[in-house]
Amino acid sequence: MTERNGHCLCRAVSFRLTAEPITTRVCWCRHCQHLAANGSVNALVPTDTLEISGELSEFTSTADSGNQISRRFCPRCGSHLFGNSSARPEFTVIRVGNFDDPSSVHPVMNIWAASAPNWACLDAALERVEEQASPPPGDAAQADIPPGTRR
């Protein structure tokens, strides 16, 4: 499947992804926990393969690395949809729960697992990385992009 669609809870914002995600991970950083009240499942995609319709609001904060992280959400229903790091604007994180078919992607690892609460249910079948994960194989340019956009 090379095309996926999705939308926010109220459907005021919709999107179309025209490429396969580079990777999908469950992020347990504290920022993602605030966004999701749990770990957040995030697909990393090339920004230029994402088409967005509808108005978005944005919240920008400084990550531990000093990079600016912009998180975009629906101003009407509050659904968090996308994230970007100033270090690598060519990549966007999509919150997987907003896909029309979230089962069409599968996480490959838990990242920032050291930050997960002691009650968290981390899938033992997924690779566990205590902090930031290495970039996907063959793409050193992504070394600084965590799917949870903690940076």
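Residues numbered from 1 in each chain as written. Predicted model: local features only at pLDDT ≥ 70, side-chain atom pairs only at ≥ 80, totals over all residues. Heavy atoms only, no water.

A. Focus on the sheet that holds strand β2 (residues 14–17). The strand order β1-β2-β5 describes an open sheet built from 3 strands, whose pairing is antiparallel. Two strands bound the open sheet, and with one partner strand each, they are β1 (4–7) and β5 (50–53). The sheet shows a mean angle of 15 degrees between the axes of neighbouring strands, direction not considered. (Pairing = 2+ DSSP bridges. Helix = DSSP H or I, 4+ residues; strand = E, 2+ residues; numbered from the N terminus. Axes fitted to C-alpha atoms, helices over the stretch in contact; angles between N-to-C directions.)

B. Highlighting the pattern of salt bridges. Taken as a whole, this structure holds 4 salt bridges when the rule is applied. The residue Arg16 makes a salt bridge to Glu3 at a minimum N-O spacing of 2.8 Å. With Arg16 in strand β2 and Glu3 in the segment before β1, this pair connects stretches of sequence that are 13 residues apart. Assessed through its relative accessible area of 27%, Arg16 is described here as partly exposed. Residue classification places Glu3 among the partly exposed residues on the basis of a relative accessible area of 38%. The residue Arg4 makes a salt bridge to Glu20 at a minimum N-O spacing of 3.4 Å. (Salt bridge = Lys/Arg side-chain N within 4 Å of Asp/Glu carboxyl O. Buried < 20%, exposed > 50% of the residue type's maximum accessible area, 1.4 Å probe, protein only.)

C. Quick peek at unusual backbone geometry. Positive phi, close to 70 degrees, is recorded for Arg11, a residue that is not glycine. Along the polypeptide, Arg11 turns up in the loop between β1 and β2. Here Arg11 falls in the exposed class, since its relative accessible area comes to 60%. Backbone geometry places Ala37, a non-glycine residue, at a positive phi of 60 degrees. Checked against the element boundaries, Ala37 lands in the loop between α1 (30–36) and β4 (40–46). The exposed category is assigned to Ala37, whose relative accessible area is 64%.

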